[in-house]
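# Overview (structure and organization)
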Amino acid sequence: MAVPPPSRPDPMNKAALRTRLRATRAAFVSHMHPDDIARHAMAVAARLIPILQTARCVGGYAPLGNEFPILPALEQAASRGIATALPHVTHRDRPMDFRTWTPGTVLEKGCFGLPQPDTGLPIVPDVILTPLLGFDRALQRIGQGAGFYDRWLSAHPASICVGIAWSVQEVPQIPVDAWDMPLHAIVTEKEWIGPSS
Ligand SMILES: Nc1nc2c(c(=O)[nH]1)N(C=O)[C@@H](CNc1ccc(C(=O)N[C@@H](CCC(=O)O)C(=O)O)cc1)CN2
Ligand SMILES: Nc1ncnc2c1ncn2[C@@H]1O[C@H](COP(=O)(O)OP(=O)(O)OP(=O)(O)O)[C@@H](O)[C@H]1O
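Fair warning: this is a prediction, and the values are worked out from it, not measured in the lab. (Residues numbered from 1 in each chain as written. Chains lettered and ligands numbered in written order. Predicted model: local features only at pLDDT ≥ 70, side-chain atom pairs only at ≥ 80, totals over all residues. Heavy atoms only, no water.)

## Digging into the pairing of strand β3 (residues 97-100)
As judged from the 4 bridges shared by strand β2 (residues 83-88) and β3, these two strands associate in the antiparallel manner. Bridged to Leu86 within β3 is Arg99. With 2 bridges joining them, β3 and strand β6 (residues 122-123) adopt antiparallel strand pairing. Across the sheet, residue Arg99 finds its bridge partner in β6, namely Pro122. (Pairing = 2+ DSSP bridges. Helix = DSSP H or I, 4+ residues; strand = E, 2+ residues; numbered from the N terminus.)

This is the structure in structure tokens:
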């Protein structure tokens, strides 16, 4: 009997999943009081301390829309003398890098309207906190779909990648393509998922 080929994720599945997850995240965040959002941001920052303490440089992100507020975690790293950096994108087809940035420094909108540190120095973080659109318990992720993080992670296999998301962004199984890079761990407002730090 012929063995069926391994199933490949249908790109439309990923697109439909992104649409659904954006709506789920928006509904969840819109029902939350700003004080609770701030409380969750502090709780996640505290949950990240053990891993941040191991880092020379932590790469975060400047949250957009309903992404999890990660700046308190970067502030905490900076206050411990750890270098902090944000992603920097120049073109859809060019690799993303990270540039140094200190919490509190105002960001101007750059490429694609992204708030990013155009004046910072290129740096390779040894720990990155990655914004997720969706995740599963096998530590697979789905992002915006441009492949910036997949490409960065395959080029920097020594860096530890911790996904950051609201708990409602969990799905039973993320469709995985050959190039998808799994996470080392995931942190939500509810828990740490992955090996103990
Ligand atoms: N907060 C945050 N920063 C982040 C990301 C993220 O997900 N969240 N990224 C995660 O990857 C990177 C930027 N990701 C991007 C993903 C898609 C497109 C994009 O599709 N751009 C359109 C043009 C949009 C426009 O011009 O307004 C395009 O190329 O067609 C741009 C950036 C780096 N910084
Ligand atoms: N290592 C790589 N080298 C070249 N292209 C890559 C690499 N990794 C991913 N890509 C490309 O990037 C795109 C990523 O698509 P995918 O649907 O997996 O997005 P995603 O994981 O949600 O994106 P992101 O990594 O930006 O969060 C695909 O078109 C893929 O071909």
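## Digging into the UniProt feature "binding site: substrate" (unreviewed entry) in the protein
Feature annotation in UniProt assigns "binding site: substrate" (unreviewed entry) to the following positions: Glu67. Within the fold, Glu67 resides in the loop between β1 (57-59) and α3 (71-79). The class for Glu67 is buried, based on a relative accessible area of 11%. Once residues within four sequence positions are removed from consideration, Glu67 is found in contact with Arg25, Tyr61, Ala62, Pro131, Gln144 and Trp166. (UniProt positions renumbered as here; feature names shortened; annotations may be inferred. Buried < 20%, exposed > 50% of the residue type's maximum accessible area, 1.4 Å probe, protein only. Contact = heavy atoms within 4.5 Å.)

## With respect to the site of ligand 2
Taken together, 16 residues form the shell around ligand 2, and within it Arg141, Gly143, Gly147, Asp150 and Trp179 come nearest. Here Arg18 contributes a side-chain N or O atom positioned 2.9 Å from an oxygen atom of ligand 2. Within the side chain of Trp179, an N or O atom sits 2.8 Å from an oxygen atom of ligand 2. Within the complex, 71% of the 650 Å² of free accessible area of ligand 2 lies under protein. Cavity membership is defined here by more than half of the atoms lying within 2 Å of grid points; on that basis ligand 2 lies in the largest pocket. (Near = heavy atom within 4 Å. Polar contact = N/O pair within 3.5 Å; in protein donor to acceptor, adjacent residues only side chain to side chain. Areas by Shrake-Rupley, 256 points an atom, 1.4 Å probe, with all protein chains shown as cover. 1 Å grid on protein atoms, 1.4 Å probe; cavity = no way out; pocket = protein on both sides within 12 Å on 5 of 7 lines; lining within 4 Å. Sits in = over half its atoms within 2 Å of the grid points.)

## Here's the deal with the pattern of salt bridges
Per the counting criterion, the structure on display carries 7 salt bridges. Note that Asp180 is salt-bridged to Lys14, the shortest N-O span being 2.8 Å. Note that Asp180 is positioned in the loop between β10 (160-164) and β11 (185-187) and Lys14 in helix α1 (residues 11-30), a separation of 166 residues in sequence. The class for Asp180 is buried, based on a relative accessible area of 10%. Exposure remark for Lys14: the relative accessible area of 8% places this residue in the buried category. (Salt bridge = Lys/Arg side-chain N within 4 Å of Asp/Glu carboxyl O.)

## Focus: the layout of surface pockets
Of the voids in this model, the largest pocket is the one considered here, and its volume is about 730 Å³. Around the largest pocket, the lining is made up of 32 residues, and of these Gln144, Gly145, Ala146, Phe148 and Tyr149 lie nearest the centre. Counting only elements with at least two residues in the lining of the largest pocket, the list comes to α1, β2, β5 (115-116), β9 (141-142) and α4 (148-155). With 4 residues, α4 is the largest single contributor of residues to the lining of the largest pocket. A class-by-class count of the residues in the lining of the largest pocket yields 17 nonpolar, 6 polar and 9 charged. In this model, the second largest pocket occupies a volume close to 150 Å³. What lines the second largest pocket is simply Thr100, Trp101, Thr102, Thr105, Val106, Leu107, Glu108, Gln116, Pro117, Asp118, Thr119 and Gly120. For the lining of the second largest pocket, the class distribution of residues is 4 nonpolar, 6 polar and 2 charged. (Points joined across faces, edges and corners; volume = space filled by probe spheres on them. Nonpolar A, V, L, I, M, F, W, Y, C, P; charged D, E, K, R; others polar.)

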